[in-house]
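Observations on the model geometry
Okay, here's what each chain looks like letter by letter:
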Amino acid sequence: MKKIVVLVDRVGRSIDDSAFELATAARSAAGASVVGLVAGHDLASYGAELARWFDEVVLVDDARLAVPDGDAWTAALAPLLRAEAADCVLAAHTNHGLDYAPALSVRLDLALVSDCLSVDLSGPAVTAVRPVHGGKVHARVAVDPAAGGCLVTLRPGAVRAGACPERGGTVRNAALPAGFAPRRRFVETVAGDAGEVDITQADRLVGVGRGIEDAESLDLVRDLAAALGAEVACSRPVVDKQWLPKSRQVGTSGKSVKPKLYVALGISGSFQHLGGLKGDPFVVAVNKDPKAPIFSVADVGIVGDLYEVVPALTAKLQSLKG
Ligand SMILES: Cc1cc2nc3c(=O)[nH]c(=O)nc-3n(C[C@H](O)[C@H](O)[C@H](O)COP(=O)(O)OP(=O)(O)OC[C@H]3O[C@@H](n4cnc5c(N)ncnc54)[C@H](O)[C@@H]3O)c2cc1C
């Protein structure tokens, strides 16, 4: 029977959504045993939730793992992964995953396929698709089954988490290996500046992208956000132009947000932007290009000029509110 191990990331006190995306990807290997491996401190409460997603959950719970640190993770997980001898190890292509995945692959002599958009575990060879040349070309990579396993990192958001499989898995604790001695020393956590508003806490967001032509036009966006009771967010080009502060940028190099409603105005839907959109919100997209990738994730898509659509939407909302 095939064995797939998923390295589970956490964000603060919560399990990162990437864990459920990776568990969903792991299910493409029909009949495989899927193990979730979590390192950290104070993990007791995670076991029950993760057991619904995995056949087995292994918790490596130790105060020395309280701060996410790739060096400590590598030292803690390498012996366990060696013992698991999985056909494939899946990790999230997050800052944290980038910190430990290459080191783990070297330590365990596993083929590393990083930054993938999808992975197929159903055949004898693990295959994955990864962008190359800045995303202009997608390469399909196959790992030789004789290679002795591989480690694949998947971009957050590349795979949508499916329904929880209700696996009813077992939960066990594993100790740190003898002689555990990470070489980095944690000094302090410096909290990032939340900015004038914390978009990560907003239930409704109106995101604006390069489709907006100038800073003055942002008033259209602010009016729609006010009518919806939403905060204004944006894609990176809007920050690069200094029309909105970085604290409002959604994406892999911006904030991860989890609104219930996301209205995307003049945003194409790059993976870097969508990578920051978590929790499966209801997405309304306005874009004049019917082929814009944002429409593939939108629940409601409006093909049109935002300069016409947005004032009309705002006026309608205002009239509905009376
Ligand atoms: C390492 C790295 C990290 C990155 N991190 C982030 C990140 O965190 N967040 C992020 O957003 N990006 C990030 N990017 C940039 C990302 O690759 C894209 O370039 C960016 O998301 C595109 O922003 P956009 O959709 O606003 O612009 P574009 O891709 O230019 O899209 C503009 C869209 O507006 C539409 N449009 C134009 N005019 C109108 C109109 N009048 N009405 C309606 N629609 C209109 C167009 O059809 C188009 O689809 C990152 C890039 C790199 C390399």
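Residues numbered from 1 in each chain as written. Predicted model: local features only at pLDDT ≥ 70, side-chain atom pairs only at ≥ 80, totals over all residues.

**Here we look at the site of the ligand**
Put simply, the test is: By convention here, the C-beta atom is placed from the backbone, and a residue is near a molecule or strand when that atom is within 6 Å of it. Every helix listed is a DSSP run of H or I at least four residues long, and every strand listed is a run of E at least two residues long, numbered separately from the N terminus. Side-chain classes follow a simple rule in which Ala, Val, Leu, Ile, Met, Phe, Trp, Tyr, Cys and Pro form the nonpolar group, Asp, Glu, Lys and Arg form the charged group, and the remainder, Gly included, forms the polar group.
Neighbouring the ligand are 27 residues, the closest being Gly209, Gly211, Ser235, Gly251 and Ser268. Looking at the shell around the ligand, the elements that each hand over two or more residues are helix H6 (236-240), helix H7 (271-274), strand E16 (282-287) and helix H8 (306-321). Of the residues belonging to the shell around the ligand, the class tally is 7 nonpolar, 15 polar and 5 charged.

**Topic: the environment of Asp280**
What counts is decided by this rule: Any residue surrounded by 20 or more other C-beta atoms within 10 Å of its C-beta is treated as buried, while 12 or fewer makes it exposed and the intermediate range makes it partly exposed; C-beta atoms here are placed from the backbone.
Tracing the backbone shows Asp280 in the loop between H7 and E16. By the C-beta count within 10 Å, which is 13 here, Asp280 ends up partly exposed. Taking the C-alpha atoms as reference, Asp280 lies 7.7 Å from Lys258; in sequence the two are 22 residues apart.

**Observations regarding the nonpolar core**
As a reminder of what qualifies: We call a set of buried Ala, Val, Leu, Ile, Met, Phe, Trp, Tyr and Cys residues a nonpolar core when their C-beta atoms link them within 7 Å. C-beta atoms are first placed from the backbone for all residues, and any pair lying within 7 Å is then listed as a contact.
Within the largest apolar cluster, 57 residues are counted, with the highest numbers of intra-cluster contacts made by Val6, Leu90 and Val152. If sequence neighbours within four positions are ignored, Val152 has contacts with Cys88, Leu90, Val113, Cys116, Val119, Val126 and Ala128.

**Some details on the sheet that holds strand E8 (residues 118-120)**
Which entries qualify depends on this criterion: Two strands pair if DSSP finds at least two bridges between them. Orientation is described by lines fitted to C-alpha atoms, with helices fitted over the stretch in contact, and by angles between N-to-C directions that extend from 0 to 180 degrees.
Spatial strand order, E8-E9-E10: 3 strands in an open sheet with antiparallel pairing. Strand pairing shows two members of the sheet lacking a second neighbour, E8 and strand E10 (137-143), which therefore form its edges. Direction aside, neighbouring strands of the sheet carry axes that sit 25° apart on average. The pairing of strand E9 (residues 126-132) with E10 spans 7 bridges and is classified as antiparallel. Counterpart to Thr127 in the pairing with E10 is Ala142.

**A word on the domain arrangement of the protein**
The accessible area lost on association of the parts is a frequent measure of interface size. Defined as follows: Domains are outlined according to an automatic or database domain assignment.
On domain assignment, one finds that the protein holds domain 1 (3-173) and domain 2 (199-321). For domain 1 versus domain 2, the separation of C-alpha centres amounts to 31 Å. On the side of domain 2, 6 residues touch domain 1, which itself brings 5 residues to the contact.

**Brief notes about unusual backbone geometry**
For Asp109, which is not a glycine, the phi torsion comes out positive at approximately 55°. The residue Asp109 is located in the loop between helix H4 (95-108) and strand E7 (111-116) in this model. Taking the number of C-beta atoms within 10 Å as the measure of exposure, Asp109 has 10 and is therefore exposed. The phi dihedral of Gln242 is positive, around 65°, even though this residue is not glycine. Locating Gln242 in the fold gives a position in the loop between H6 and strand E15 (261-265). Judged by the 9 C-beta atoms lying within 10 Å of it, Gln242 is exposed.

**With respect to the environment of Ile4**
Along the chain, the position of Ile4 falls in strand E1 (residues 3-8). Counting along the chain gives 117 residues from Ile4 to Leu121, while the straight-line C-alpha distance between them is 8.8 Å. Ignoring anything within four residues of it in the chain, the contact list for Ile4 reads Ala26, Ala29, Ala32, Val34, Ala86, Asp87, Cys88, Leu90 and Leu121.

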